[in-house]
Amino acid sequence: MSIISDLKAEFTAANFRRIAIYCCIPALAFYLISIGAMALGGFTLVETLRDTAQITKESSFLGFVSSIGAWLWVAAATVCFFRVAASTWPAGDAHKLLLILCGWFSAFLAVDDFFMIHDRFITEGILVPLYALFVGYLLRKYYAKIKEIDVFAFLMAGGLLGMSIAVDVTQEILPISYGLSQSLEEGFKFVGAAAWLYFCYRIAAYQLGGAASGQSQSSSASE
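Residues numbered from 1 in each chain as written. Predicted model: local features only at pLDDT ≥ 70, side-chain atom pairs only at ≥ 80, totals over all residues. Heavy atoms only, no water.

Let's talk about the pattern of salt bridges
1) Next: Applying the stated criterion across every chain yields a total of 3 salt bridges.
2) Next: Note that D113 is salt-bridged to K189, the shortest N-O span being 2.7 Å. Separated by 76 residues along the polypeptide, D113 in helix 6 (residues 94-115) and K189 in helix 9 (residues 178-205) bring together distant segments of the chain. Across the pair, K189 and D113 agree in class, each one buried.
3) Next: The partner of K145 in a salt bridge is E148, with the nearest N and O atoms 3.5 Å apart. Here K145 and its partner E148 are both found in helix 8 (residues 124-170), 3 residues apart, which amounts to about one turn of the helix.
4) Next: Taking relative accessible area as the criterion, K145 reaches 15% and is therefore assigned buried.
5) Next: Accessibility expressed as a relative area gives 33% for E148, which makes it partly exposed. (Salt bridge = Lys/Arg side-chain N within 4 Å of Asp/Glu carboxyl O. Helix = DSSP H or I, 4+ residues; strand = E, 2+ residues; numbered from the N terminus. Buried < 20%, exposed > 50% of the residue type's maximum accessible area, 1.4 Å probe, protein only.)

Some words on the layout of surface pockets
1) Next: By volume, the second largest pocket amounts to about 190 Å³.
2) Next: Elements with a minimum of two residues in the lining of the second largest pocket: helix 2 (13-40) and helix 3 (45-49).
3) Next: Counted by class, the lining of the second largest pocket contains 6 nonpolar, 2 polar and no charged residues. (1 Å grid on protein atoms, 1.4 Å probe; cavity = no way out; pocket = protein on both sides within 12 Å on 5 of 7 lines; lining within 4 Å. Points joined across faces, edges and corners; volume = space filled by probe spheres on them. Nonpolar A, V, L, I, M, F, W, Y, C, P; charged D, E, K, R; others polar.)

Some words on the confidence of the model for the protein
1) Next: With 93% of its residues at a pLDDT of at least 70, the protein reaches an overall mean of 90.
2) Next: Ignoring residues within four places in sequence, the model shows residues 210-223, a span with pLDDT below 50, making 7 contacts including any to other chains. (pLDDT = per-residue confidence, 0-100. Contact = heavy atoms within 4.5 Å.)

Brief notes about helix 5 (residues 64-86)
1) Next: Its 23 residues place the ends of helix 5 32 Å apart at the C-alpha level, agreeing with the 33 Å of an ideal helix rising 1.5 Å per residue.
2) Next: Check the buried side of helix 5 and you find it contacts helix 6, helix 8 and helix 9. (Expected span 1.5 Å × (residues − 1).)

Overview of the environment of F154
1) Next: Note on placement: F154 falls in helix 8.
2) Next: On the accessibility criterion, F154 (4% relative accessible area) is buried.
3) Next: Each C-alpha atom of the pair F154 and V135 lies 9.7 Å from the other, and the pair is 19 residues apart in sequence.
4) Next: In this structure F154 touches V135, L138, L139, I146, W196 and F199, once residues within four positions along its chain are discounted.

Things to note about the packing of aromatic side chains
1) Next: Applying the stated rule across the entire model yields 13 aromatic pairs.
2) Next: Where F154 meets W196, the ring centres are 6.2 Å apart and the plane angle is 55°; that geometry is what we call tilted. Of this pair, F154 sits in helix 8 while W196 sits in helix 9; the two residues are 42 residues apart in sequence, bridging distant segments of the chain.
3) Next: An aromatic cluster is built from F105, F108, Y131, F134, F154, W196 and F199, whose rings are joined through pairwise contacts. (Phe/Tyr/Trp six-rings, centres within 6.5 Å; stacked < 30°, edge-to-face > 60°.)

Examining the packing of helix 5 against helix 6
1) Next: For the pair helix 5 and helix 6, the least separation of the axes is 8 Å and the interaxial angle reads 155°. Classed by the angle they form, the pair helix 5 and helix 6 counts as roughly antiparallel. For the element pair helix 5 and helix 6, the recorded crossing hand is left-handed. (Axes fitted to C-alpha atoms, helices over the stretch in contact; angles between N-to-C directions. Parallel < 35°, antiparallel > 145°, perpendicular 65-115°, else oblique. Left-handed = near helix turned anticlockwise from the far one by under 90°.)

A closer look at the nonpolar core
1) Next: In this structure, L98, C102, L138, W196, F199 and I203 are the most contacted members of the largest nonpolar core, which totals 34 residues.
2) Next: Within the residue set of this core, elements represented by two or more residues are helix 5, helix 6, helix 8 and helix 9.
3) Next: Per element, the largest residue contribution to this core is 13 residues, and it comes from helix 8.
4) Next: Not counting chain neighbours up to four residues away, the residues in contact with W196 comprise W73, A76, C102, F105, S106, L138, F154 and A157. (Core = buried A, V, L, I, M, F, W, Y, C linked by side-chain atoms within 4.5 Å.)

Some remarks on a nonpolar patch on the surface
1) Next: Nonpolar side chains collect at one region of the surface, where L28, Y31, L32, L45 and L49 lie side by side and expose about 510 Å² of accessible area between them.
2) Next: Taken together, the elements giving at least two residues each to the nonpolar patch come down to helix 2 and helix 3.
3) Next: For the nonpolar patch, the element with the most residues is helix 2, which contributes 3 residues.
4) Next: Looking at the secondary structure, you find L28 in helix 2. (Patch = residues over 30% accessible without salt bridge, like charges linked within 9 Å, V, L, I, M, F, W, Y side chains within 5 Å. Areas by Shrake-Rupley, 256 points an atom, 1.4 Å probe, with all protein chains shown as cover.)

Put into structure tokens, the structure is as follows:
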């Protein structure tokens, strides 16, 4: 009986209002706006709502690695934004600003990867230099904070993603097959995305209880 009483106690106007404001209403608004926007673009309800594999009758594992890669960007954005929301920050705190910038950058990369923006809508000749400028800005503006947290993870992520771009740009002149060049390009990109997720985890976990002590032990060991 106590469980039933506890459940009844949860069904309050305040709880319904909280869930409605922070979850259900925004989700419903996104759902309806998406259906309307896709309809204006000429898509049917079935094309909008059903999975691609169902519509095309192809395997559910088509593009498997690419899909997982997009999840890595989403995960990186999630950990950054969660830390920002879960902590109290002083005004203009560099750590918070770094988390916000990395979170939005990760979110944009997720959208780019998922919808193939750099392949179909905005040329790589525009997007890639913008990405490079953003990374350069992070290094110039927040190098001290990045170094304090984990500069090696940042450099590894940037280096791997840079190698992916280098293979993509030069694949037509590389003395290897197209399949092998694609494997190299996507391999560097996938591992680079994982390294970026790790870096975002590091900045999100930094100065939390366990992370702070782990950082201190790591610094002591290096000395």
